[in-house]
Amino acid sequence: MKKVTFILSLALVPLFSTAQTAEDIIAKCVEVTGGEENWNKLEGQKMKAKMTTNGMEIGMEMLQMKDGRTATVIRFQGMELKQNVYDGETLWNTNFMNMKPEKADSETFENFKRTLGEYPSPLITYKKMGYEVKLEGDENVDGVEAYKVKMIKKPLLVDGKEEKNITYYFFDKETGVLIMTAQEISSGKMKGKMAKTFFSDYDEVDGLYFPFSMKMGADDAGYQEITIESYELNPQVEDSFFAYPGDDKDEEEKVKEEEPKKKKKKSRK
Amino acid sequence: MKKLELLLLFVLLSLFSFGQDVGLLDGKALFGDMEARHIGPALMSGRVSDIEGHPKDPSVIYIGTAGGGVWKSMDGGLFFNPVFDKHCQSIGCVSVDPNRPDEVIWVGTGEVWTRNSTSVGDGIYKSTDGGQTWKNMGLKKSDRISSIQIHPENSDVVFVGVQGALWGPSEERGVYKTTDGGQTWEKILGVDENTGCSELIMDKNNPNVMYAAFWEHRRTAWSFNSGGEKSALYKTTNGGKTWKKIHSGFPKGKLGRIAIAIAPSNSNILYAVVESEDKKKSGMYRSDDAGKTWNHLNADFNLTVRPFYFSRIVVHPKNPDIVAKAGLFGVLSRDGGKSFRQMGQMHADIHDYWFDVADTNKIFVATDGGLYYSFNLGNTLEMVNNLPISQFYHVSVDHQEPYNVYGGLQDNGSWYGPSSSPGGIEARDWETIGFGDGFRVYPHPKNPKITYSEMQGAEMVWKYDSEARQSKNIRPLRGKDDPKLRFNWNAAITTSVHHPDRVYMGSQFLHISNDMGNTWKKISPDLTTNDPEKLNQENSGGLSKDNSGAENHCTIFTIAESPLDERVIWVGTDDGNVQITKDGGKTWTNVVKNIPDLPKNTWCYHIEASHFDKGTAYAVFDGHTKNDKTTYCYKTTDFGKTWKSIVTADVYGFARSFQEDNVNPNLLFLGTEFGLYISLNGGKKWVKFENNMPAVAIHYLDLQKETGDLVMATHGRGVIILDDISPLRKLTPEVLQSDKLVFLGKKTFVMPEETSFGGTSTPTQFVGDNPPRSAKIVYYLPKRHIFGKMKVKVYDEEGNFMTLLEGGKKKGLNFVYWSFHKMMPKIASGATFARGGFVAPSVPAGMYTVRIEKGKDVFETKIETKYPEKSVFTLEERAKQQEIAGKLYKMVEDFAYLVYRLDTYVSHAKMTANKHPEYKEPIEKMIKELEAFKKEIVKQGDNYVGGGEDKLREKMAEIYGEVTGYLGAPTQNQMDNIALIEKEFEEVKKKLKEIEQGEFKKYLDLLKRLNIPYPKLKTYEEFVDKTK
């Protein structure tokens, strides 16, 4: 019952007090959704999800591990298309045309590497990551008042140039829960506009609260909802699941490429 | 945290949230998913008032526009995005902080090119995040800010030139300084209430040196004056502490507007363009001693033309002798201002230039018709095609499907275009139907090929036949004994709902034609004040005569025929009269004196005759040309005998436009200089609508009755549509008080059937959004959905599951779209995409249930889908198509289930072989057989050109897709093909059976012996289930 009282008092805080810092707001969100200690115990998660649009359903599986390994598997018509997979060394994707694995471009990979360590969420790890947070005031999100918290992360590399990397987090004032994030789009014709993700359908999984619905997109480009069917916490996943299957080269080519490496090694000796 | 605890939390929270009435809600909590739709167009674009780039990064360029806010490009000018939508859209200048150019941007509002139709500003704004968010930093009464100069070493020190009010005296004019980044301002130079700072520049090599041009000027609704004794050019050499006139070499006598520029590469070289009493001494001056002395170089047309509109000089960043001057046409000098050549083809009326910081041969040009760029200093130019900053004066709609919108624009003619088009509304969809400045354009109410359009001052009024491609000038001409007819710059025209061939036109008289403009009859006396003091337009302009028709006054500006009685006609005039006839023009009564708290002679901008009662009307007045920015909107219910203001403190900005809903008399729309306001309760409370709706001036509102679309003529952001206002009609106090989800949408939907191959625009062209083609399920949520699952499902009348939809979770109105499809069939697993498998079946016309599961609550509503009345498909054809498509859908899923069984057997067998190597050989034999069988029926290879031959999986999906995707009956050829596929499938089923009874049976026997459970198969029903 102690915990109930604690939660209730948390809920009442915004009703009676106005002095809030970004840290307080994040701490409340973390507490309401399960507590920092529990979040930090997480070793990984596997989400079974789907997107439904105009009668089409696309199944997905998203894996995130504490050590940084990650994968999104798109299942469609019996095919498994792995996207944004990181095996600890290589970030890779499946090409939709020839279904072969391809390494991500170096800039994407570099930007990905800069996020390593954020798991389970920058809201838990921002201090460790050295991210700066700042309360930017209030904003109405989806019709309700929300706190807007700015988080300055490690810079992004955009077309070879370091650019500021800012994510805005919006927390429902009433419940303290995260309901939206916004981040500047860094390239293409929408560059400078905000990519947004809306969170809802929070539910409990082993003592932690996760959103079971995420709506992603941008105001001018429309939004797509991803509904999560299940979260599996601390899943057992074989290394081979993430492993980059290697370049699709014939043996002769591989041998040719390996030769100089071997020679180099030898010469070092 | 346990569920119980969370539940308690919600119970507690609910104690603190109350039922809300509209009085407590802001727009975001009310309008939810309802969003404005921008259709542009951008092909003619609109007036760009200022260009400013990043000092080092050529990819970043900002433009300020006359009425469309601030736009930013981050790719060197290919694409621009708006960054100032929440604020005043009339821009005087944009400045980038040289110390923090990625973060700090300043915007001065209020355009300084002071034409008659220019809007107003409301102060200075600053962004510290590269334009993402903005804060008003004061100078709110400045009206027009001409210049912002930021100290090159200290971002907190900023100097601002305030040109001030155009339409009246103003104490705010002058040069201001802040030393705390805009927290406080000090006026450091002022002349008088009529003379404002039209340009302030700083020597970036020595920020203590600044030059300030002051301009004495004034507009009224009927005149313009540029110039006087007070216009002057000042210089400071001590950071603004003291200023000195620097006129040595300038003409004597009265001066008008002065433009000034420093050569960035040599601070001693200055250029000035001077408007003077002595025409020979007007034009281009140069100083080579930092303003001590001036030499007159040139008085060419483009250097002296309309100084109020074109006073801008820009000097090349590296070569002090290359100078560009704004003008009717763009001109450039390569000899230090001695001579100028005209730039290449682009829109006329040039306001500013920007030299690219990396490639100084690249130049951007701001015109009345958008932004241009050139790679050879203006010899040849191309237009930026994605700036929908067009300035509509008016809009009207027709009754076609999809309906068209019609309107005229500042300096960009008259146009009509569709409200929806395959692939989006593209540049090629728009038709031009008038030259010059365009204003009111009306379609003939019954004959879709006839339109009426006009140019400024009704110099031409066209009846255009778009089929014969013939235009005829039908403007009313002065008759015997008539005085000169006076038409407003934006002359009043309207058509009649009672007689399709009827046209009304307003000069100082009301003219009527019942034969599409062939013959005209006056049906009123002079309805204006006919004040002779306001009729001297030929003397307008001040030092530079300017009699363009823009100041025509004492004219009829708005005409409203009652939709209930053709004899009841309202007329509003630009000099403040409101006249009504109840007998078709035989007698007229001026009822303006009955309007309380309305200053005399306030421009009557719009009258709306009510749809519900012929004695009821609304009148909107715009006082801004008298320097009065109050919002005026009144209602009468007794033919004008008494009036009541329906404006509340919620409304910001003077109003020009108004629309009454034709279904719910309490639903009203008010268009102000700073955006759209909506009242749900007859004007007792107004709520600003901001969902994808910039704070743009709305010059006219129209309602397309069949669709319920509110169509807005914005003066700076093109045509903006608020699709289907019907949910607003249902937002009653009861709904707003509800603590549960309430359905509000339409109940019947016509399913669109047209298909297309999409649009043809190039990547950089603006394409206007289409309205949704789907059923729109609307509900009001009293709270944002955060905890627990929420799903939206559709079922047919028999309770069969159709589809899952994306649920809206917002507090306020939520829109969920259903594209009239059921879920696609399950496709057999394969190595490639089966193309036909991407086609979802359209549902037949009928009743459907929308079911929303929100936590433990379930909400249901029924909707009906209908076929279009005008369709190429008969019911018999549809029935045939539905029957065959249904059969194929089942066949595709049967096949998928067959392959699923195969796959399950194989994976089970592989597992067993691993566990029991002693049986590996026989098991692998079976696996091989199964895999070989799968290869016979499922294509191998990749999704591009590396694929193998199509097999049964692909062939079946293909014919399924073909038949399902077309709503008419399948062809005989397709039917024959289906028969072949069916036969092939039968053989496949037979073969699987053989395997199941042969090798696979042996495998099962083995499993039994080993006591291993059989492969676990989903039932067919489980396999095809899509509800979860």
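Here the structure is a predicted model, which is why all the values come from computation and not from measurement.

Focus on the overall build of chain A
Then comes step 1: A tally of regular secondary structure across chain A gives seven helices and 15 strands.
Then comes step 2: Relative to its 269 residues, chain A shows a buried fraction of 29%.
Then comes step 3: Looking at chain A alone, contacts between residues at least 24 apart form 39% of all its contacts between residues at least 6 apart.

Side note on the environment of Val94(B)
All names here are of chain B.
Then comes step 1: Secondary-structure assignment places Val94 in strand 6 (residues 91-96).
Then comes step 2: Taking the C-alpha atoms as reference points, Val94 and Asp650, 556 residues apart in sequence, are found 29 Å from one another.
Then comes step 3: When sequence neighbours within four positions are dropped, the list of residues in contact with Val94 reads Asp50, Glu52, Tyr62, Gly64, Val70, Ile105 and Val107.

Regarding unusual backbone geometry
Then comes step 1: Residue Pro120(A) is reached from Tyr119(A) by a cis peptide bond, and omega for that bond is 5°.
Then comes step 2: Relative to the helices and strands, Pro120(A) resides in the loop between helix 4 (106-113) and helix 5 (122-129).
Then comes step 3: At the junction of Glu401(B) and Pro402(B), the peptide bond is cis and its omega measures out at -10° in the coordinates.
Then comes step 4: Summarising the element assignment, Pro402(B) is placed in the loop between strand 31 (396-397) and strand 32 (404-408).
Then comes step 5: For Phe820(B), which is not a glycine, the phi torsion comes out positive at approximately 65°.
Then comes step 6: Topologically, Phe820(B) is positioned in the loop between strand 64 (812-818) and strand 65 (846-854).
Then comes step 7: Residue classification places Phe820(B) among the buried residues on the basis of 26 C-beta atoms within 10 Å.

Regarding the interface of chain B and chain A
Then comes step 1: The interface is formed by 52 residues belonging to chain B together with 40 residues belonging to chain A.
Then comes step 2: Looking at the side of chain B that touches chain A, the elements with two or more residues in it are helix 1 (3-15), helix 2 (27-31) and strand 63 (801-805) of chain B.
Then comes step 3: No other element matches the six residues that helix 1 of chain B contributes to the side of chain B that touches chain A.

A few points about the sheet that holds strand 55 (residues 687-689) of chain B
Residues and elements named next belong to chain B.
Then comes step 1: Read from one edge of the open sheet, four strands run 52-53-54-55, paired in antiparallel fashion. Across the chains shown, the open sheet's two edge strands, defined by having one partner strand only, are strand 52 (655-660) and strand 55. Along the sheet, successive strands turn relative to each other by an average axial angle of 30°, direction set aside.
Then comes step 2: With three bridges connecting them, strand 54 (residues 675-679) and strand 55 associate as antiparallel partners. Bridge pairing links Ile678 to Val687 in strand 55.

With respect to the sheet that holds strand 41 (residues 510-513) of chain B
All names here are of chain B.
Then comes step 1: Strand order in this open sheet of four strands is 39-40-41-42, and the pairing throughout is antiparallel. Two strands in the sheet have a free side with no partner beyond their single neighbour: strand 39 (492-495) and strand 42 (521-522).
Then comes step 2: As defined by bridge partners, strand 40 (residues 503-506) adjoins strand 41 across four bridges and the pair is classed as antiparallel. Looking at the pairing, Met505 lines up with His511 of strand 41.

What about the pairing of strand 14 (residues 195-202) of chain B?
All names here are of chain B.
Then comes step 1: Among the eight residues that make up strand 14, eight are buried, leaving the element largely enclosed by the rest of the structure.
Then comes step 2: Where strand 14 lies against strand 15 (residues 210-220), seven bridges are found, and the strand directions are antiparallel. From the neighbouring strand, Leu200 faces strand 15, where its bridge partner is Ala212.

Overview of the nonpolar core
Then comes step 1: Residues Ala212(B), Ile258(B), Ile260(B), Ala261(B), Ala272(B), Met712(B) and Val719(B) are the most contacted members of the largest nonpolar core, which totals 241 residues.
Then comes step 2: Sorting elements by how many residues they give to this core places strand 19 (residues 255-263) of chain B first, with seven residues.
Then comes step 3: Look past the residues within four positions of Ile260(B) in its chain and what remains in contact with it is Glu199(B), Ile201(B), Tyr211(B), Ala213(B), Leu233(B), Leu270(B) and Ala272(B).
Then comes step 4: Core analysis: the next-biggest nonpolar cluster, separate from the first, contains 34 residues, Cys29(A), Phe171(A), Leu178(A) and Phe212(A) among them.

Focus on the confidence of the model for chain B
Residues and elements named next belong to chain B.
Then comes step 1: Looking at chain B, pLDDT values average 95 and 98% of them are 70 or higher.
Then comes step 2: Ignoring residues within four places in sequence, the model shows residues 1-24, a span with pLDDT below 50, making 32 contacts including any to other chains.
Then comes step 3: In the predicted assembly, ipTM is 0.91 and pTM is 0.94.

Some remarks on the environment of His916(B)
All names here are of chain B.
Then comes step 1: Among the structural elements, His916 can be located in the loop between helix 7 (875-915) and helix 8 (920-937).
Then comes step 2: Judged by C-beta crowding, with 14 C-beta atoms within 10 Å, His916 ranks as partly exposed.
Then comes step 3: Sequence separation between His916 and Leu1010 is 94 residues, and the spatial gap between their C-alpha atoms is 9.4 Å.

Conventions adopted
Here the residue numbers are simple positions, counted from 1 along each chain's written sequence. Working convention: letters from A go to chains and numbers from 1 go to ligands, in the order in which they are written. Confidence filtering applies because this is a predicted model: local features only for residues at pLDDT of at least 70, side-chain atom pairs given and counted only at 80 or more, and all residues used for totals across whole chains, interfaces and linings. Strands here mean DSSP runs of E at least two residues long; helices mean DSSP runs of H or I at least four residues long; both are numbered from the N terminus. Buried means a residue has 20 or more other C-beta atoms within 10 Å of its own C-beta, exposed means 12 or fewer, and partly exposed covers the counts in between; C-beta atoms are placed from the backbone. A pair of residues counts as a contact when their C-beta atoms, built from backbone coordinates, are within 7 Å of each other. Strands qualify as paired when DSSP identifies two bridges or more between them. What counts as an axis is a line fitted to C-alpha atoms, over the stretch in contact for a helix, and the angles between N-to-C directions run from 0 to 180 degrees. Nonpolar cores are identified as sets of buried Ala, Val, Leu, Ile, Met, Phe, Trp, Tyr and Cys residues joined via C-beta atoms within 7 Å. For every residue, the predictor reports its confidence as pLDDT, a number between 0 and 100.

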